[in-house]
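Residue-level structure breakdown
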Amino acid sequence: MTITTRKRLFVMFGAALLAIFMLAVRELPEFGHYRGPYGDVLNRETVYERHVTDVVSAVNFDWRGIDTLGEESILFLSVVGTIVLLRTGDGETEHKDEQGTTSNDDIPLPSEATRVASLGLVGPLVVFGLYIVTHGHLTPGGGFQGGVVLATAPLLVYVAGDLKTFKRIANHEFVEITEALGIGGYLSSGFLGMVLGSAYLRNVLPLGTTGHLFSGGTILVLNVFTGAAVAAGMVSILYAFLEHTIEVRLRRKG
Amino acid sequence: MSILPYAVAGWLFIIGLYGIVTSRNFIHLVMCLAVLQSSTYVLLLSVGYRVGGGPPVFATAPVGTPAVDPLVHALVLTDIVVEATVVALLLSLAIRIHKNTGNLEPDKIVELRG
Amino acid sequence: MANSLAPLPVLVPLAAAVFLALINKHTARWFADFVSISAVCASGIMSVVLLHRTASAPIVYWFGGWTPRTGIAVGVNFYIDPISAVLAAFISLLALCSLIFSLHYFDSVGNLYHVLMLGFVAGMCGFSSSGDLFNLFVFFELMSISAFALCGYKTEEPSTQQGAINFAVMNTIGGFLALLGIAMFYSRTGALNLAQIGRTLSHQSDALIVSAFVFVMCGFLVKAAVFPFHFWLADAHAVAPTPVCVLFSGIMVQLAVYAVARVYWSAMEGPMSGHQAAITSVLAIAGTITALLGAMMCFAQQHIKRMLAFSTISHTGILVVAFALLKPKALAGAALYVIGHGAAKGALFLVAGILLHRFGSVEESSLYGRGRSMKWTGAVFAFSGLGLAGLIPFGTFAGEHGIDVAAKGTSFWWVKVVFIFAATLTGAAVFRVYARVFLGRGAPNATEELATTSDEARETKGPHDHVPVVMFIPAAVLAVSAIASGCVPGSVAHFRRSASAFSDTVAYQAQVLDGTALQEPPLSEAAEQPLAAAITSTVTTMLAVAVAILALLPRRHRKRLYLERLSRAFSTVRNAHSGKIGDYVVYFSFGVAAIGTVLVFLICRR
C-alpha cells in the first residue's frame with residue numbers, strides 16, 4: 001500500500017477506534033472523582049503497617065513488590081538486549097563508518113560555559129540522586145527516579161566533552177556488576193521472606209520509627225538495590241549507543 | 001470538561017498509531033511508539049486523580065488527609081523508566097538497520113514478503 | 001510446603017539469568033550452558049510437582065504475604081491450577097530442548113544468549129501463573145522484551161532487523177492497547193486483581209466494560225497472531241534463530257490465547273452472561289479466518305521456517321475457535337491441543353535447524369534432494385507432520401476430539417470442517433517438504449516464488465557434514481512427546497476436571513478473595529469412544545498426503561488441474577503480507593475497530 005492509501009484507510013479505522021474509546025470513556029467516573037477501594041485502603045493502612053510515609057514507594061516495593069521485580073527484569077533484559085544488538089559482529093567493516101565520520105570531525109568541542117556547567121553539576125547530581133534513592137520511603141522519590149538522576153551524572157561528563165573519563169566510567173566492569181547486583185539483591189531480599197517461613201517478598205526487616213531514615217524494613221533496602229540497577233542500566237545503554245562515536249572521536253583526536 | 005484528560009489519552013494513542021502508519025523513518029517510528037506509550041500513562045494518572053487531594057505522602061499531613069490514588073502513580077513511574085529502556089532496544093534495532101542497509105525508511109526495507 | 005513452590009518456576013530462571021549476567025565475562029560457554037539447563041530443568045520439575053499438588057485444589061499464592069482484607073485484594077497473587085502448571089512444565093520442556101539444541105554449535109555471543117533465554121522462560125512462566133491483571137501485563141512485557149532481543153539476535157542480516165522490528169512494534173502496540181483496557185477496568189472497579197474485578201463487575205456490561213475487554217483481548221490477540229493481527233509472526237519466525245522459533249511457535253503464541261481465556265473466566269463471565277452468543281460469533285469468525293488463511297499461506301511458502309510460522313497461525317486459529325465456544329470441554333481439548341501441537345511444531349523447527357546447520361539453507365527449492373542421507377531426521381520430520389495433521393493418537397487428535405465433542409449440538413458443527421482444512425493443508429505442506437528434501441521426489445522448482453526471503457546465514461559453527469547428536473535428540477524427544485501427550489491414560493479426564501474448575505468463576509473468586517477451599521470437582525465421565533473421530537483423522541491424514549503429492553506433480557499436470565490459476569489468484573493475499581510495518585498497523589486498527597464496533601453494538605444496544 002502506498003502511504004496515501006494507508007492514510008485514508010487509517011483515518012477511517014482510527015476514527016472508529018477513537019469513537020469506541022470516547023463512548024467507553026463517557027461511562028468512566030468523572031475526572032477527579034476517584035472512587036475505587038484499592039487506593040483508599042493503601043493510603044489508610046501504609047503508615048500503620050509499614051511505618052513509611054511515602055505510600056507510592058510502599059506500593060512499589062512492598063504491596064506490589066513482585067510487579068516492580070518484573071519491571072526491573074524488563075529493564076535488565078532490555079539493557080542486555082541492547083548490548084547484544086549493538087555488538088560489533090564479525091563481518092563488520094570499519095570503512096563504512098569512516099565515510100560517516102567526516103561530519104564528526106566538524107563537531108566543535110563544547111564551549112567553556114558548557115564544560116563548567118556540566119562538570120560543576122556532576123557532584124551535586126550524584127548527591128541529589130543518592131538522596132532521592134535513600135529517602136524514597138519518606139518523601140516522593142525512590143529507586144527508579146533516583147537511579148535515573150544518578151545516571152545523568154556520567155552523561156554530563158560526556159556532554160562536557162571529557163570522552164576519556166566517560167569511557168572510563170561507563171565501560172568499567174563495575175557498571176555491569178552493579179546492575180546485576182542490583183537486581184540480584186532485589187531477588188535475594190525477596191527470598192529472605194521465604195526463608196523465614198512467609199511468602200516471597202515479605203517485609204521481614206525491622207520496621208523502625210515512621211519518619212526516620214532507617215524505617216520501612218526491606219523497602220529501604222529494595223529502594224537502594226533498584227537505584228543501583230536503574231542507574232547502572234541507564235549508563236550501560238548510554239555507553240552502548242555512544243561507544244562507536246566515542247571510539248572514532250578518540251582516534252581522531254590522536 | 002470532565003472527560004478532557006481521557007480524550008487526550010485517546011487522542012495521543014490514535015496520533016501515535018497514525019505516526020507509525022505514515023512514518024518514513026524508523027527513528028520517527030520509534031518515537032511515535034513512545035507517544036503511544038505516554039497515552040496510557042495519561043489515562044492511568046487521570047483515572048486516579050481526586051479533586052482536592054494532596055500527594056499520597058503523609059510526612060507532614062496526617063493519615064486521613066484526602067489524597068490521590070497512589071497505585072496509579074506507582075504503576076506509571078515504574079513504567080516510564082522501563083519503557084524508556086524498551087525504546088532504547090527498538091532504537092538499537094533501527095541503528096542496526098541503518099548499519100546494514102544504509103537507509104532508515106520502513107517501506108524501502110523489504111527483505112521479507114509474501 | 002507446597003505453596004512456597006508457586007513462585008519458584010519464575011524466580012529460579014530469573015535468578016539464573018542474573019547470575020549468568022553477573023559472571024558473564026569470566027565464565028566458559030559450557031558453564032553457561034550448564035547453569036541455564038539446570039535452571040530450566042529445576043523450573044520444569046517444580047511445575048510438575050505443582051501439577052500434582054494442584055490436582056485437587058489450586059494454589060493461591062499472595063506475594064509479600066498480603067492476603068485480602070475484607071474481601072479486597074491488596075497484593076498480587078499467583079494462581080496455580082493444573083492447566084497453568086502443565087503449561088509452565090511444557091515451557092520448560094521446550095526451553096530444555098532448545099538449549100540442548102544450541103549446545104556448543106550455536107554461535108552465541110558471550111553468555112548473553114542464555115540470559116535472554118532464561119528471561120524469556122521466566123516471563124512465560126509468570127504469564128501463565130499470574131492472577132492479577134497488571135502483573136499479567138508486566139510478565140507480558142518481560143516475555144516480549146526477551147523475545148525481541150532474541151529475534152534480532154542474528155545482527156548481520158538486514159532481514160533480521162526487519163522481522164525483529166515488525167515483531168517489536170506490533171507487540172508493543174498490542175501490549176499498550178491492553179494497558180489502556182486495564183486502566184479502564186481499574187477505573188470502574190478500583191481493583192487490579194482478576195477475581196476482584198470479576199466480583200465487582202458482577203453483571204455490568206456497558207460500553208466501558210465491553211471496550212475495556214475488547215482492548216485487553218485484542219492486545220493479547222496481537223501476540224496470539226490472530227487475523228488481522230497475525231502479519232508479524234511469519235516475519236519474526238523467518239529471521240529468529242531456530243531454537244528461539246521453537247519457543248515462539250511452541251508456546252508463546254498459545255499462551256496469549258490462554259491469557260484471554262483466563263481474563264474472560266475470572267473477570268468477564270458475569271458481565272458477559274447473556275451475551276455469550278456475541279462473543280462466540282465474533283471470536284469464532286476471527287479464529288476461522290485465521291485458521292483458513294494460515295493454512296493457505298502455509299502451503300504456499302517455500303521458506304521452511306516461514307511455512308511453519310503460518311502453520312502455527314493456522315493452528316492457533318483453531319485454538320481461538322475452541323475458546324470461542326466458551327465451554328469447559330472445549331477448553332480441555334484446547335489445552336491438550338496446545339501441548340500436542342507445540343511439541344510437533346518444536347520438532348519440526350529443530351529439524352529445520354538441522355537442515356540449516358548442514359546445508360546453510362531452509363529454502364525448499366535449494367534443499368531439493370539433499371536430505372536423502374538423513375533418514376532418521378527425515379523420519380522425525382514426517383512423524384511430526386502426522387502430528388500436525390491430527391492423526392490418532394497424537395495430542396492434536398485428542399485435543400481436536402475434545403473440541404469437537406464440545407461443539408456437538410451447538411450451531412458450530414462446522415468447526416470440524418475448518419479443522420480438517422487446516423490440518424490437511426498444514427500437514428500437506430510438511431509432507432511436501434519431506435518428499436522434496438528428504439526423498440528427492442517431485443519436480444524441483446515447481447512453484448513460482450512469490451515470497452522474498454534473503455539467504456539465511458548459518459547460525460552454527462562447523463563441521464557441517466553430519467547431523468550432531470546434540471541437535472537430533474531434542475527433535476526426536478519433542479516428536480515423541482507430541483504423540484505421548486495424546487496417549488497418557490486419563491489425561492483427557494483430568495484436563496476436563498481442571499477445565500471445569502477453570503471456568504467456575506464464582507468458585508475462583510471465592511477461593512482467591514475469601515480463602516474458601518475449593519471442593520474437589522468430580523472426575524468427569526470417561527472420554528467418548530472416538531471411533532468415528534479416529535476414522536476422520538486417518539482420512540484427513542491421507543488427504544494431506546494426497547495434497548502433497550498433487551503439489552509435487554510436474555508443471556504440465558498441475559496446469560491441467562488449474563492449480564496454477566489458483567495460486568496466482570492467491571497472490572493478492574500473499575502480497576498483503578508486505579513486510580511493511582505501516583500496513584500491519586493499518587490492518588491492526590481495522591481489526592480492533594471492527595471487533596470493538598461489533599461487540600459494543602451487539603452487547604450494549606438496549
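Residues numbered from 1 in each chain as written. Chains lettered and ligands numbered in written order. Predicted model: local features only at pLDDT ≥ 70, side-chain atom pairs only at ≥ 80, totals over all residues.

1. As for the overall build of chain B
The cut-off we apply is this: Helix and strand definitions follow DSSP, with helices as H or I runs of at least four residues and strands as E runs of at least two, each counted in order from the N terminus. The atom set for the radius of gyration is the C-alpha atoms, and the globule formula is 2.2 Å times the number of residues raised to the power 0.38.
Of regular secondary structure, chain B possesses three helices and zero strands. Walking chain B from its N terminus toward its C terminus, one meets helices and strands in the order α-α-α. Taking 2.2 N^0.38 as the reference for a compact globule, 114 residues should give roughly 13 Å; the C-alpha atoms of chain B span a radius of gyration of 19 Å, well beyond that estimate. Referenced to the eigenvectors of the C-alpha coordinate spread, the extents of chain B come out at roughly 60 × 30 × 20 Å.

2. Some remarks on the interface of chain B and chain A
Condition: By the criterion used throughout, residues are in contact when their C-beta atoms, derived from the backbone, lie within 7 Å. For this classification, Asp, Glu, Lys and Arg are treated as charged, while Ala, Val, Leu, Ile, Met, Phe, Trp, Tyr, Cys and Pro are nonpolar and the rest, including Gly, are polar.
Facing 41 residues of chain B, the contacting portion of chain A comprises 50 residues. Of all the secondary-structure elements, those providing two or more residues to the side of chain B that touches chain A are helix 1 (4–21) and helix 3 (70–101) of chain B. Looking at the side of chain B that touches chain A element by element, the count peaks at 16 residues for helix 3 of chain B. Here the side of chain B that touches chain A is built from residues that sort into 29 nonpolar, nine polar and three charged.

3. Topic: the domain arrangement of chain C
All names here are of chain C. So the rule is basically this: Each domain's extent was defined by an automatic or database domain assignment.
What the domain assignment reports for chain C is domain 1 (9–131) and domain 2 (275–444 + 465–502 + 523–552). Each of domain 1 and domain 2 has a C-alpha centre, and these two points are 26 Å apart. Counting residues at the interface gives 13 residues for domain 1, matched by 19 residues for domain 2. In terms of residue class, the side of domain 1 that touches domain 2 is made up of twelve nonpolar, no polar and one charged.

4. Thoughts on the packing of helix 5 (residues 133–151) of chain C against helix 10 (residues 242–272) of chain C
Residues and elements named next belong to chain C. Put simply, the rule is: Lines are fitted to the C-alpha atoms to define the axes, a helix being fitted only along its stretch in contact, and any angle between axes, read from their N-to-C directions, falls within 0 to 180 degrees. Angle categories: roughly parallel below 35 degrees, roughly antiparallel above 145, roughly perpendicular from 65 to 115, and oblique for all the rest. Left-handed describes a crossing in which the near helix is turned anticlockwise from the far one by less than a right angle; the clockwise case is right-handed.
One way to put it is that helix 5 packs onto helix 10 with a least axis distance of 12 Å and a crossing angle of 160°. It follows from the interaxial angle that helix 5 and helix 10 lie roughly antiparallel. For helix 5 against helix 10, the interelement crossing comes out left-handed. Counted together, Leu 136, Met 143, Ala 147, Leu 150 and Cys 151 of helix 5 and Val 244, Phe 248, Met 252 and Ala 259 of helix 10 form the full contact between these two elements. Split into classes, the residues belonging to the contact of helix 5 with helix 10 amount to nine nonpolar, no polar and no charged.

5. Description of the environment of Ile 209 of chain C
All names here are of chain C. Its place among the elements puts Ile 209 in helix 8 (residues 207–223). Spatially, the C-alpha atoms of Ile 209 and Val 48 are 36 Å apart, while their sequence positions differ by 161 residues. Here Ile 209 is in contact with Arg 188, Leu 201, Gln 204 and Pro 271, once residues within four sequence places are set aside.

6. Considerations on the packing of helix 8 of chain C against helix 24 (residues 581–604) of chain C
Residue and element names in this part refer to chain C. One can describe the packing of helix 8 onto helix 24 by two numbers: an axis separation of 10 Å at closest approach and a directional angle of 150°. Handedness of the helix 8/helix 24 crossing: right-handed. For the pair helix 8 and helix 24, contact is made by Ala 207, Val 210, Ser 211, Val 214, Cys 218 and Val 222 and by Phe 588, Gly 591, Val 592, Ile 595, Gly 596, Leu 599, Val 600, Ile 603 and Cys 604, respectively. Taken together, the residues that form the contact of helix 8 with helix 24 break down as twelve nonpolar, three polar and no charged.

7. Side note on the nonpolar core
In a soluble, globular protein the nonpolar side chains are often hidden away together inside. To keep things clear, this is the line we draw: Each nonpolar core consists of buried Ala, Val, Leu, Ile, Met, Phe, Trp, Tyr and Cys residues. Their C-beta atoms, within 7 Å, join them into a set. With C-beta atoms placed from the backbone, a residue is buried if 20 or more other C-beta atoms are within 10 Å of its own, exposed if 12 or fewer are, and partly exposed between those counts.
Among the nonpolar cores identified, the biggest contains 361 residues, and Val 80 of chain A together with Cys 151, Val 260, Ala 347 and Leu 350 of chain C are the most heavily contacted of them. Ranked by residue count, the leading element in this core is helix 10 of chain C, at 21 residues. Three or more residues apiece are contributed to this core by two domains, here domain 1 (9–131) and domain 2 (275–444 + 465–502 + 523–552) of chain C. Among all residues touching Val 260 of chain C, those that are not within four sequence positions of it are Met 217, Phe 220, Leu 221 and Phe 323 of chain C.

8. Observations regarding the environment of Trp 66 of chain C
Looking at the element boundaries, Trp 66 of chain C is found in the loop between strand 1 (59–62) and strand 2 (77–80). Overall, Trp 66 of chain C belongs to the buried group, with 21 C-beta atoms counted inside 10 Å. A C-alpha to C-alpha distance of 8.8 Å links Trp 66 of chain C and Asn 77 of chain C, two positions eleven residues apart in sequence. Excluding its chain neighbours within four sequence positions, the residues that come into contact with Trp 66 of chain C are Trp 63 of chain A together with Val 74 and Gly 75 of chain C.

9. Let's talk about the interface of chain A and chain C
Every contact between the two is made by 55 residues of chain A and, on the other side, 61 residues of chain C. Counting only elements with at least two residues in the side of chain A that touches chain C, the list comes to helix 1 (3–25), helix 2 (37–50), helix 3 (55–63), helix 4 (65–86) and helix 9 (173–195) of chain A. The residue inventory of the side of chain A that touches chain C, partitioned by class, reads 32 nonpolar, twelve polar and eleven charged.

10. Some remarks on helix 6 (residues 158–189) of chain C
Inclusion rule: Take the number of residues in a helix, subtract one, and multiply by 1.5 Å to get its expected span.
The first and last C-alpha atoms of helix 6 of chain C sit 47 Å apart over 32 residues, in line with the 46 Å expected at 1.5 Å per residue. Looking one or two residues past helix 6 of chain C, Gly 190 of chain C carries a phi angle of roughly 65°, positive in sign.

11. Some details on unusual backbone geometry
Note that the residue after Phe 227 of chain C, namely Pro 228 of chain C, is joined by a cis bond; omega there is -5°. Along the polypeptide, Pro 228 of chain C turns up in the loop between helix 8 and helix 9 (231–239). For His 51 of chain A, which is not a glycine, the phi torsion comes out positive at approximately 60°. Looking at where His 51 of chain A falls in the secondary structure, it is placed in the loop between helix 2 and helix 3. With 20 C-beta atoms packed within 10 Å, His 51 of chain A lands in the buried category. We note that Ser 202 of chain C has phi near 30°; this positive angle belongs to a residue other than glycine. Along the polypeptide, Ser 202 of chain C turns up in the loop between helix 7 (194–201) and helix 8.

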